[in-house]
Amino acid sequence: MCVVVVALAAAAVWAPESEGRGRRRAGWTLICNRGYITVVESEPAPDESSDEWVMLVYRIPREPSTPRIAVWRKLHKYGVFQLADGVVVLPASPRTREQFEWVAEEVVEAGGQAEVWTAAPTTKVQRHRMRAKLSADRDAEYDEITDAAEATRLLPDPAGRAKKLTQLRRRFREIDRRDFFPTAQRDGAEAALRELATRPAETQVPR
């Protein structure tokens, strides 16, 4: 017995369905996992090749708010793409599957419902939209690192620069762990940190 989870624009609807394993619906290829399948409606494109993503579908009580906020912060830390309310995806890998499995357990422990599936977009438009959004999110974070590194070079105190460099390196590693489609901004941030570590402080010239 599989349970169909239909994720529309606003919510996920849980309903029983007949037995099955792999199913293809409009826009996404859905794979039954743990007795569940998931369906996300979109335009079909049966001839398109697809890449694999891991999907978390969850519902968590609004009150108390602490578990709900904790779950969202963790998902944000993982760098998820949000398909709909309570439906998030990441490029599939052993690490991202494990991350979603842990979040699913936390949701259930908080009195909610959660399951993890493997799914694949079946159009180039969908794949491009998700990749572009994830890349843009990481690019903005890398740009913050670059700007902060350049500003730190103006600090007159060597100890202060060293402390800030340590913080920025830690922040860079956090971003890098959720960067699935690296762009030039990553290289720029890395170069800015390297320059901060090797070049002496700059003196800001008064205007």
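Residue indices begin from 1 for each chain and proceed along its sequence in written order. Local features in a predicted model are, by the rule used here, given only for residues with pLDDT of at least 70; side-chain atom pairs are given and counted only at 80 or more, and totals for whole chains, interfaces and linings are based on all residues. Hydrogens and water molecules were not included; the side-chain quantities draw on all heavy atoms of the structure.

Further remarks concern the packing of aromatic side chains. Working definition: a ring pair exists when centres of Phe, Tyr or Trp rings (six-membered ring for Trp) sit within 6.5 Å. Plane angles under 30 degrees give stacked, over 60 give edge-to-face, the rest tilted. Inspection of every chain in the model, using the stated rule, returns two aromatic pairs. Pairing Y142 with F172 gives two aromatic rings, centres 5.6 Å apart and planes at 45 degrees, and the pair type is tilted. You can see Y142 sitting in helix 3 (residues 124–152) and its partner F172 sitting in helix 4 (residues 158–177), a full 30 residues away along the chain. Using a 1.4 Å probe on the protein chains alone, a residue whose accessible area is under 20% of its type maximum counts as buried, one over 50% counts as exposed, and one in between counts as partly exposed. Taking relative accessible area as the criterion, F172 reaches 9% and is therefore assigned buried. Helix and strand labels come from DSSP, where a helix needs a run of H or I of at least four residues and a strand needs a run of E of at least two; each type is numbered from the N terminus.

Next up on the list: the side chain of D179. With respect to the secondary-structure elements, D179 resides in the loop between helix 4 and helix 5 (184–198). This count recognises Lys and Arg as positive and Asp and Glu as negative, with His and chain-terminal groups excluded. Any Lys or Arg side-chain nitrogen located within 4 Å of an Asp or Glu carboxyl oxygen qualifies as a salt bridge. As a buried residue without a salt bridge, D179 has its nearest oppositely charged side chain in R186, at a separation of 4.6 Å. Excluding anything up to four places from it in sequence, D179 contacts R138, Y142 and R186. By the convention used here, residues are in contact when the closest approach between their heavy atoms is within 4.5 Å.

Before going further, it helps to spend a moment on the environment of R169. Counting through the fold element by element, R169 comes out in helix 4. Its relative accessible area of 38% is what places R169 among the partly exposed residues. Considering only alpha carbons, one finds R169 and L193, 24 residues apart in sequence, at a separation of 7.3 Å. Setting aside residues no more than four positions away along its own chain, R169 makes contact with L193 and A197.

On to the pattern of salt bridges, then. Counting across every chain of the model gives eleven salt bridges. Of the charged contacts, one joins K133 and D137 as a salt bridge, the two residues approaching to 2.8 Å between their closest N and O atoms. Highlighted residues: K133 and D137, both in helix 3, separated by four residues, approximately one helical turn. Overall, the relative accessible area of 41% leaves K133 in the partly exposed class. Put simply, R153 and E195 hold a salt bridge, and the shortest N to O gap is 3.4 Å. Residue R153 is located in the loop between helix 3 and helix 4, and its partner E195 is located in helix 5; the two are separated by 42 residues in the primary sequence. A residue is classified by how much of its surface remains accessible, and R153, at 9% relative accessible area, is buried. One network of salt bridges, with partners in common, ties together R138, E141, R171, E174 and R178.

A grouping of K77, R95, R169, R170, R173 and R177 is seen on the molecular surface, where their side chains present a positively charged patch. Of note, R170 is situated in helix 4. Relative accessible area serves as the criterion here: at 42%, R170 is assigned to the partly exposed category. Like-charged residues are merged into a patch within 9 Å and nonpolar side chains (Val, Leu, Ile, Met, Phe, Trp, Tyr) within 5 Å, provided each residue has over 30% relative accessible area and no salt bridge. With residues, only the protein chains shown are counted as cover, and all accessible areas are computed by Shrake-Rupley using a 1.4 Å probe. The atoms used to mark charge sites are NZ of Lys, CZ of Arg, CG of Asp and CD of Glu.

This brings us to the nonpolar core. Judged by nonpolar contacts, the single largest core of 16 residues is most densely connected at L56, Y58, L75 and F100. If you list the elements that add at least two residues to this core, you get strand 6 (53–59), helix 1 (65–78), strand 8 (87–91), helix 2 (94–109) and strand 9 (113–121). Among the elements that line this core, the one with the most residues is helix 2, at four residues. Residue contacts for Y58: discarding those within four places in its chain leaves V71, W72, L75, G86, V107, Q113 and A114. By convention a nonpolar core is built from buried Ala, Val, Leu, Ile, Met, Phe, Trp, Tyr and Cys residues, the set being connected through side-chain atoms within 4.5 Å.

On to the confidence of the model for the protein, then. The pLDDT value tells you how sure the predictor is about a given residue, anywhere from 0 up to 100. On average, residues of the protein carry a pLDDT of 79, and 72% of them reach 70 or more. Per-residue pLDDT stays below 50 along residues 1–50; that stretch engages in 131 contacts with residues further than four places along the chain or on separate chains.

This paragraph deals with the pairing of strand 7 (residues 81–84). The two faces of a sheet get side chains in turn, since along a regular strand they alternate between them. Bridge analysis of strand 7 against strand 8 gives three bridges, and the strand direction is antiparallel. Each bridged residue has a counterpart across the sheet, and for F81 the counterpart in strand 8 is V89. Strands were regarded as paired on the criterion that DSSP finds at least two bridges between them. In sequence, strand 7 turns back onto strand 8 through a hairpin of two residues, with G86 there showing a positive phi of about 80 degrees.

On to unusual backbone geometry. Each neighbour pair has its own omega, and for E63 with P64 the value is -5 degrees, a cis peptide bond. Tracing the chain through its elements places P64 in the loop between strand 6 and helix 1.

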